[in-house]
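Single-letter residue listing:
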Amino acid sequence: MQGRASMSHLSCSGRTHSFSIRRNTSSHVVFQHKNCKSQRLPSARRVKPVQASFSAASHGSLDSVDDDVDFKIDDDLKAQIEKMSFQRREENTLEQIEATTSETESKGEWVAAFVGAALLFGVGIWQTLGAEKAEEFFAGYLLEQSLSVDNLFVFILVFRYFRAPKADQDKVLSYGIWTAAALRLVMILLGSELIESWKPVLLLFAGILLFSSFKLLTGGKDDGEEEDLSDNGVVKLCRRLIPVSDSYKGDSFFTVENGKRVATPLLLVLAVVELSDVVFAVDSIPAVFGITHDPFIVYSSNMFAILSLRALYGFVNTIMSELRYLDKAVALVLGFIGAKMLADFGGYHVPTTASLGVVMTTLAGGVAASLWLPVKADSS
């Protein structure tokens, strides 16, 4: 009988032999002795099918084996299995490290490409508009780039707070970049017209920068402690104005629930990022106006800093998150620009070369301090 263990009794020369026929998936083969003739026992003496019990089947042929046989893996085999499992975990870890390294290198290459484009643009300004305009561009670009890096830490907090899927974060950043480009163009043109028509507005800009510098220097939080955004004013406003669904729907900003069109949490994330960028522009744009009043230089330096945000975000999220003193360096730069604006309004002009040197030295010092100074050990 195919698919089941069976037993046949054969009679040969007055002797009866009991054979245990093994299970075969293709066919059931019974081997007969060439000198014996198989005889079927009467139905009354026909043996019932044997249950699939190892101990019962081996009772007569394996007397030396105990009835209760436990299939146990010996210590050597266990050790081999554990070793193979450890090697597999090591391979998975190495694969994750290689994937992260490859992604980081790719992001780093994009960042280098954007920085190179900004350098070439600055050289072009040097050749066409002169050295002073080029120095203003480079100073404004460095300032805006450092502010962008500092702002990206806030964007990372926003993505983590709303648990935005990693695959959808690039879409939010792309929308945010182009919206920021349009909004900053409007703000720069309005700011330029306002400065031309009413010079005392520079005092307001200087006050904003000095206040921002003070808040950054005195409002530091403990290392490793992430800010809770539940009480953030921008987050509260967006939650109040935008009714959202309970879960993400891929990379869609809208979905349909109970027959009604509602926003997904991804639209809420985008709104928070957009409004946060507007708040950031309140001090970043006056900071560049503290270096130059030329709207072309102000806008071009802003654009080169903003366009690199998408590549810079991945780089910051994987590599540069340890730059814990960068915000302090940015605070010092904002304070310097605010003081420079006050001096300019009072009739004392700080040369652009000096401003560029202060910005570069301060930001480089913040990066160097973050890399070289040891991290304080946890109290635990």
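Residues numbered from 1 in each chain as written. Predicted model: local features only at pLDDT ≥ 70, side-chain atom pairs only at ≥ 80, totals over all residues. Heavy atoms only, no water.

(A) Representation of the packing of aromatic side chains within the structure. Following the criterion strictly, the structure yields eleven aromatic pairs and no others. Ring centres 6.3 Å apart and planes at 35° place the aromatic pair Trp-110 and Phe-114 in the tilted group. Here Trp-110 and its partner Phe-114 are both found in helix H2 (residues 75-129), four residues apart, which amounts to about one turn of the helix. The exposed category is assigned to Trp-110, whose relative accessible area is 53%. Relative to Phe-296, the ring of Phe-121 has its centre 6.2 Å away and its plane inclined at 45°; by these criteria the two rings are tilted. Residue Phe-121 is found in helix H2, and its partner Phe-296 is found in helix H8 (residues 295-307); the two are separated by 175 residues along the sequence. We classify Phe-121 as partly exposed; its relative accessible area is 28%. The class of Phe-296 is partly exposed, set by a relative accessible area of 42%. Chaining the aromatic ring pairs together yields one cluster made of Phe-121, Phe-137, Phe-138, Tyr-141, Phe-296 and Phe-304. (Phe/Tyr/Trp six-rings, centres within 6.5 Å; stacked < 30°, edge-to-face > 60°. Helix = DSSP H or I, 4+ residues; strand = E, 2+ residues; numbered from the N terminus. Buried < 20%, exposed > 50% of the residue type's maximum accessible area, 1.4 Å probe, protein only.)

(B) Local environment of the pattern of salt bridges. All chains considered together, the criterion is met by six salt bridges. Its salt-bridge partner being Lys-133, residue Glu-136 comes within 3.8 Å of it at the nearest N-O pair. Within this pair, Glu-136 and its partner Lys-133 are both found in helix H3 (residues 131-161), separated by three residues, close to a single helical turn. Here Lys-133 falls in the partly exposed class, since its relative accessible area comes to 26%. Where Arg-184 meets Asp-277, a salt bridge forms, and the shortest distance between an N and an O atom there is 3.0 Å. Here Asp-277 lies in helix H7 (residues 265-289) and Arg-184 lies in helix H4 (residues 166-197), a separation of 93 residues in the sequence. Of the two residues examined, Arg-184 and Asp-277, each falls in the buried class. Several salt bridges share partner residues, and in doing so they unite Lys-133, Glu-136 and Asp-294 into one network. (Salt bridge = Lys/Arg side-chain N within 4 Å of Asp/Glu carboxyl O.)

(C) Structural context of the nonpolar core. If you look at the biggest cluster of nonpolar residues, it comprises 72 residues, and the most contacted ones within it are Phe-159 and Ile-337. The leading source of residues in this core is H7, at 14 residues. Here Ile-337 is in contact with Leu-143, Leu-209, Ala-287, Gly-290 and Ile-291, once residues within four sequence places are set aside. (Core = buried A, V, L, I, M, F, W, Y, C linked by side-chain atoms within 4.5 Å. Contact = heavy atoms within 4.5 Å.)

(D) Quick peek at the pairing of strand S3 (residues 254-257). Looking at chain direction, S3 and strand S4 (residues 260-263) are connected through four bridges and run antiparallel. Residue pairing in the sheet places Thr-255 in a bridge with Val-262 of S4. (Pairing = 2+ DSSP bridges.)

(E) Just a nonpolar patch on the surface, in detail. A cluster of nonpolar residues, Leu-203, Leu-210, Leu-342 and Phe-345, forms a patch on the protein surface that exposes about 310 Å² of accessible area. Every element with two or more residues in the nonpolar patch is listed here: helix H5 (201-218) and helix H10 (326-345). Here Phe-345 shows up in helix H10. (Patch = residues over 30% accessible without salt bridge, like charges linked within 9 Å, V, L, I, M, F, W, Y side chains within 5 Å. Areas by Shrake-Rupley, 256 points an atom, 1.4 Å probe, with all protein chains shown as cover.)

(F) Broad picture of the packing of H3 against H10. Between H3 and H10, whose axes approach to 10 Å, the crossing angle comes to 135°. In terms of their interaxial angle, H3 and H10 are classed as oblique. Pair H3 / H10 crosses with left-handed handedness. Residues Leu-143, Ser-146, Leu-147, Val-149, Asp-150 and Phe-153 of H3 lie in contact with H10, whose contacting residues are Leu-326, Asp-327, Val-330, Val-333, Leu-334 and Ile-337. Grouping the constituent residues of the contact of H3 with H10 by class yields nine nonpolar, one polar and two charged. (Axes fitted to C-alpha atoms, helices over the stretch in contact; angles between N-to-C directions. Parallel < 35°, antiparallel > 145°, perpendicular 65-115°, else oblique. Left-handed = near helix turned anticlockwise from the far one by under 90°. Nonpolar A, V, L, I, M, F, W, Y, C, P; charged D, E, K, R; others polar.)

(G) Quick look at the side chain of Glu-274. Among the secondary structure elements, Glu-274 is positioned in helix H7. Of note is the side chain of Glu-274, whose polar atom sits 3.0 Å from the side chain of Thr-179. (Polar contact = N/O pair within 3.5 Å; in protein donor to acceptor, adjacent residues only side chain to side chain.)

(H) Local environment of empty space enclosed by the protein. A full pass over the atoms with the stated rule returns two cavities of 30 Å³ or more. Along the walls of the largest cavity sit Phe-155, Leu-173, Gly-176, Ile-177, Ala-180, Val-273, Glu-274, Asp-277 and Leu-309, which together make up its complete lining. At four residues, the largest contribution of residues to the lining of the largest cavity is made by H4. The space that makes up the second largest cavity amounts to roughly 30 Å³. Ser-148, Asn-151, Phe-155, Arg-184, Asp-277, Ile-306 and Leu-309 are the residues that line the second largest cavity. The element best represented in the lining of the second largest cavity is H3, accounting for three residues. Among the residues forming the lining of the second largest cavity, the class breakdown is three nonpolar, two polar and two charged. (1 Å grid on protein atoms, 1.4 Å probe; cavity = no way out; pocket = protein on both sides within 12 Å on 5 of 7 lines; lining within 4 Å. Points joined across faces, edges and corners; volume = space filled by probe spheres on them.)

(I) Spotlight on unusual backbone geometry. Phi angles above zero are rare outside glycine, and Arg-163 is one such case at about 55°. Tracing the chain through its elements places Arg-163 in the loop between H3 and H4. By relative accessible area, which is 72% here, Arg-163 ends up exposed. Positive phi values are uncommon outside glycine, yet Asn-258 reaches one of about 55°. When you line up the elements, Asn-258 lands in the loop between S3 and S4. The class for Asn-258 is exposed, based on a relative accessible area of 82%.

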